[in-house]
Amino acid sequence: MEFKNLLFWVFSAVLMFSATRVITARNPVHAVLYLVLAFFNASGIWLLLQAEFLAITLVLVYVGAVMVLFLFVVMMLDINTDKLRMGFRKNLPLAIIVGLVVAIEMSAVIYNSFDVVDATWPAAAADNYSNTRELGKLMYTEYVYPIEIAALILLVAMVSAIALTLRHRKDSKYQNAGDQVAVTKNQRLRIVKMAAEPKARADKSAQG
């Protein structure tokens, strides 16, 4: 067995184990850490397939940003795992059926792809071949409109998430930057006139 094939089986085994632990771990923090491990092994498989750009993007974007954010959110929130797992066993048979159907469909697609022989497929890549450059050419030439549509959908999703979470609560204090900028110099200092203290009380306090 070649060393490349051995690495593939090692990455695949760890990936399957970590993905299983993501949905079976009782602690949410442990589940997020197992998901990080799954992403690392998936990026290793991408490297074996000579897709360096996708491997680096998977590590930088998902592990470096998304998973760190998920980990901090899970650690800061007080999540009751018992309520989250109340309907787990009830929906387990349906989940197993759906998983088997998806696995059969993916196996059929992969099995049929081995029989297809494309005469236009290059026999071997040149020495100066860059996977990242070719991917960039496809993204900004043939698939430029799908990329723009996907970016617009992500922008709408981001704005919607901010609009749903940015709610004015009655028990929280916040500053209005517009009112602070629009204030005049007369409104910055307010002089309050107070009544003078009676003289008798002042003399009594001086004698005491």
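Given the structure is predicted, the values throughout are model-derived calculations rather than measurements. (Residues numbered from 1 in each chain as written. Predicted model: local features only at pLDDT ≥ 70, side-chain atom pairs only at ≥ 80, totals over all residues. Heavy atoms only, no water.)

A. Highlighting a nonpolar patch on the surface. On the surface, a nonpolar cluster with roughly 680 Å² of combined accessible area is contributed by L152, L155, V156, M158, V159, I162 and L166. One can find M158 in helix α7 (residues 144–165). (Patch = residues over 30% accessible without salt bridge, like charges linked within 9 Å, V, L, I, M, F, W, Y side chains within 5 Å. Areas by Shrake-Rupley, 256 points an atom, 1.4 Å probe, with all protein chains shown as cover. Salt bridge = Lys/Arg side-chain N within 4 Å of Asp/Glu carboxyl O. Helix = DSSP H or I, 4+ residues; strand = E, 2+ residues; numbered from the N terminus.)

B. Region of interest: the layout of surface pockets. Quantified by volume, the second largest pocket comes out at close to 250 Å³. Lining the second largest pocket, in full, are F8, W9, S12, L15, M16, A42, I45, W46 and L49. Those elements giving two or more residues to the lining of the second largest pocket turn out to be α1 (3–24) and α2 (28–48). With five residues, α1 is the single largest residue contributor to the lining of the second largest pocket. (1 Å grid on protein atoms, 1.4 Å probe; cavity = no way out; pocket = protein on both sides within 12 Å on 5 of 7 lines; lining within 4 Å. Points joined across faces, edges and corners; volume = space filled by probe spheres on them.)

C. Region of the structure containing the environment of N5. For N5, the position within the fold is in helix α1. In sequence terms N5 and L48 are 43 residues apart; their C-alpha atoms lie 9.0 Å from each other.

D. Examining the UniProt feature "transmembrane region" (unreviewed entry) in the protein more closely. Here the UniProt feature "transmembrane region" (unreviewed entry) sits at residues 6–24, 31–49, 55–79, 91–111 and 143–166. Helix makes up 92% of residues 143–166 and strand 0%, whereas the separation of the span's terminal C-alpha atoms amounts to 35 Å. (UniProt positions renumbered as here; feature names shortened; annotations may be inferred.)

E. Region of interest: the packing of α1 against α2. The geometry of α1 relative to α2 is characterised by a closest axis approach of 8 Å and an angle of 155 degrees between their N-to-C directions. Put simply, α1 runs roughly antiparallel to α2. Crossing angle aside, the handedness with which α1 passes α2 is left-handed. The segment α1 lies against α2, with K4, L7, F8, F11, S12, V14, L15, F17, S18, R21 and V22 engaging A31, Y34, L35, L37, A38, N41, A42, G44, I45 and L48. Split into classes, the residues belonging to the contact of α1 with α2 amount to 15 nonpolar, four polar and two charged. (Axes fitted to C-alpha atoms, helices over the stretch in contact; angles between N-to-C directions. Parallel < 35°, antiparallel > 145°, perpendicular 65-115°, else oblique. Left-handed = near helix turned anticlockwise from the far one by under 90°. Contact = heavy atoms within 4.5 Å. Nonpolar A, V, L, I, M, F, W, Y, C, P; charged D, E, K, R; others polar.)

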